[in-house]
Amino acid sequence: MSAITNSYERINETAPFKYLMGDQAAYRAYSDFYIKNGLPIMTSDKFDSLIESIEKNGYDDKRIILVQDDNLIYDGQHRATVLAFLKGLDFRISVLEVVVITKRQIIKQILKFILPKSITRKYLDKRFGRS
C-alpha cells in the first residue's frame, strides 16, 4: 500500500520502479513525502548503490523480502523493484510471509477471554468505532 496515495500499487506503478524507468521527479516526490512525514527513506544515492550491487552481484537471498499475508511487501520494496525491473515482472523469488498484528486485534483477543461478548462489542464500538 502506498503511503502517498493510500492505495494499492503494482510494483511497476511505484516511485522506485518509475525511477528505474528514468522518472527521477517521481522518486524525488516520493522521497520528499517520506522525509516530510518522518518516515524511513532510501535516498536516491542508496538506491543507486542497491541497483549497482544487484546488477553486479545478483540478489542476496539472505536479505529475504518480507510480505504480509495479502502479498503486500512489508520490507524489501526496493530490492523487489530492482529484481522486477532487471528480471521481469514474472520473476519469482522466495519471500517470507509475516503476520502483522495491530493493537486493535490484540485488545479484541484479550477482551474475548475476559469479558462477555456484549460488553466487548460495546467497548470496541466506543474505542474504534466498530467491533
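Conventions and cut-offs
Residues numbered from 1 in each chain as written. Predicted model: local features only at pLDDT ≥ 70, side-chain atom pairs only at ≥ 80, totals over all residues. Heavy atoms only, no water. Helix = DSSP H or I, 4+ residues; strand = E, 2+ residues; numbered from the N terminus. Polar contact = N/O pair within 3.5 Å; in protein donor to acceptor, adjacent residues only side chain to side chain. Buried < 20%, exposed > 50% of the residue type's maximum accessible area, 1.4 Å probe, protein only. Phe/Tyr/Trp six-rings, centres within 6.5 Å; stacked < 30°, edge-to-face > 60°.

Trainee: Before we move on, could you go through the environment of D60 and cite the residues and values that matter?
Mentor: Summarising the element assignment, D60 is placed in the loop between α3 (44-57) and β1 (65-68). Within polar-contact distance, the side chain of D60 engages the backbone nitrogen of K62 at 3.0 Å.

Trainee: Which residues make up the side chain of R79, and what are the values?
Mentor: Inspection of the secondary structure puts R79 in helix α4 (residues 77-87). You can call R79 buried: its relative accessible area is 10%. A polar contact is formed between the side chain of R79 and the backbone oxygen of R63, at a distance of 2.2 Å.

Trainee: Could you give an account of the packing of aromatic side chains, naming the residues involved and the relevant values?
Mentor: Per the stated rule, a full pass over the model turns up seven aromatic pairs. With centroids separated by 5.0 Å and ring planes inclined at 40°, the aromatic side chains of Y27 and Y30 adopt a geometry described as tilted. Taken together, the residues Y27 and Y30, both in helix α2 (residues 24-36) and three residues apart, mark about one turn of the helix. Assigned by exposure class, Y27 and Y30 land together as buried. Where Y27 meets F47, the ring centres are 5.4 Å apart and the plane angle is 20°; that geometry is what we call stacked. In this pair, Y27 sits in helix α2 while F47 sits in helix α3, placing the two residues 20 residues apart along the sequence. Cluster of aromatic residues (ring-pair linked, three or more members): Y19, Y27, Y30, F33, Y34 and F47.

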